[in-house]
Amino acid sequence: MRIEGSVGLVTGGASGLGAGTARRLVAGGGRVGILDLASSAGAQLAAELGESALFVPTDVADEAAVEKAVGAVAERFGRLDVCVNAAGISPAARVLSRKGELHPLDLFRRTVEINLVGAFDVLRHAVAAMARNEPGPDGERGLIVNVSSAAALEGQAGQAAYSASKGGLVALTLPLARDLAIWGIRVMTVCPGIMDTGMLAGADETRRAALMDLHVFPKRLGRPEDFARLVASFMENELLNGEVVRLDAATRL
């Protein structure tokens, strides 16, 4: 699969890892559907990228909206080749706080609904569109890239909901690859570490320096373009399938 001429769909595409991926696809000669909340900067990003981009306001926890959005991207560009699930939330709450307060069940449920159920809903509609593609020389029709987290493998205190939702994406990787093999659709999952995205907004320089120090090498925060380059590698290397890849400079939390 080449970036040039491809059509991508990116959830959480208005900022952070998603926006970096959208820019990479368009810069490489592809086209992209950007799915994000109506309150996001999706419209501005699509305007920046021009006719090769389409913004569809979407809450991935809204089943009807997801089906409509995926259909809109496939209809606008005539096909769908790669789906990157980067939408997500990262709440922090202990199961039982030091004040004796219970973890809100609605918060746990909402996190799983967006990070795990939402990603699954998007990809199931995406693969239906990919299945209509003419297969490549080896039968390939598409690629799914799910964004998990290092927290799926090494969750910290306060990350029960987040780690559970992201761990679900890790567990889905191989079954999805096996399910979709008959259609020539590959599945990869990325576990980013400490990335310089909106989740670090407001962190002062002392905090940022401490986070960078956790990286073995290089001693810097991850960038959206690092993630986007990895997605491009997945697209171009057809033998990559059913695998979970850490993108974290050898960090162990």
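What you see is a predicted model, and the numbers here were worked out from it, not measured in a lab.

On to the pairing of strand β3 (residues 53-57). Most of β3 is tucked away, with 4 of its 5 residues classed as buried. Relative to β3, strand β2 (residues 31-36) runs parallel, the two sharing 5 bridges. For Leu-35, the partnering residue across the bridge sits in β3 and is Val-56. With helix α2 (residues 42-49) bridging β2 and the parallel β3, this β-α-β connection has right-handed handedness.

All right, on to the side chain of Glu-140 then. With respect to the helices and strands, Glu-140 occurs in the loop between α4 (105-130) and β5 (142-147). According to the relative accessible area criterion, Glu-140 is buried, its value standing at 12%. Here Arg-186 takes part through its side chain, which lies 2.8 Å from a polar atom of the side chain of Glu-140. Not counting residues up to four positions away in its chain, the partners in contact with Glu-140 are Met-1, Glu-134, Pro-135, Gly-184, Arg-186 and Glu-238.

This part is about a nonpolar patch on the surface. Together, Val-95, Leu-96 and Leu-102 give the surface a local cluster of nonpolar side chains, amounting to about 340 Å² of exposed area. Note that Val-95 resides in the loop between β4 (82-85) and α4. Under the relative-accessibility criterion, Val-95 is labelled exposed at 57%.

So, about the pattern of salt bridges. Enumeration over the complete set of coordinates arrives at 16 salt bridges. A salt bridge links Arg-110 to Asp-59, with the nearest nitrogen and oxygen atoms 3.7 Å apart. Within this pair, whereas Arg-110 is found in helix α4, its partner Asp-59 is found in the loop between β3 and α3 (63-77), the two being separated by 51 residues in sequence. Arg-110 gets classed as partly exposed once you look at its relative accessible area, which sits at 39%. Here Asp-226 and Arg-229 are joined by a salt bridge, their closest N and O atoms 2.6 Å apart. Residue Asp-226 and its partner Arg-229 are both found in helix α8 (residues 224-236); the two are separated by 3 residues, about one turn of the helix. For Arg-229, a relative accessible area of 41% corresponds to the partly exposed category. Connected through salt bridges with shared partners, the residues Glu-154, Arg-246, Asp-248 and Arg-252 form a single ionic network.

The packing of two helices is summarised by the inter-axis angle and the distance between the axes. Where α3 meets α4, the closest approach of the two axes is 9 Å, and the angle between their N-to-C directions is 35 degrees. Of the two possible hands of crossing, α3 and α4 adopt the one that is right-handed. Judged by residue contacts, Glu-63, Val-66, Glu-67, Val-70 and Ala-74 of α3 engage Asp-121, Val-122, Arg-124, His-125, Ala-126 and Ala-129 from α4. Looking at the contact of α3 with α4 residue by residue, the class counts come to 6 nonpolar, 1 polar and 4 charged.

Basis of the calculations
Residues numbered from 1 in each chain as written. Predicted model: local features only at pLDDT ≥ 70, side-chain atom pairs only at ≥ 80, totals over all residues. Heavy atoms only, no water. Buried < 20%, exposed > 50% of the residue type's maximum accessible area, 1.4 Å probe, protein only. Helix = DSSP H or I, 4+ residues; strand = E, 2+ residues; numbered from the N terminus. Pairing = 2+ DSSP bridges. Right-handed = clockwise from strand over helix to strand, strands pointing away. Polar contact = N/O pair within 3.5 Å; in protein donor to acceptor, adjacent residues only side chain to side chain. Contact = heavy atoms within 4.5 Å. Patch = residues over 30% accessible without salt bridge, like charges linked within 9 Å, V, L, I, M, F, W, Y side chains within 5 Å. Areas by Shrake-Rupley, 256 points an atom, 1.4 Å probe, with all protein chains shown as cover. Salt bridge = Lys/Arg side-chain N within 4 Å of Asp/Glu carboxyl O. Axes fitted to C-alpha atoms, helices over the stretch in contact; angles between N-to-C directions. Left-handed = near helix turned anticlockwise from the far one by under 90°. Nonpolar A, V, L, I, M, F, W, Y, C, P; charged D, E, K, R; others polar.

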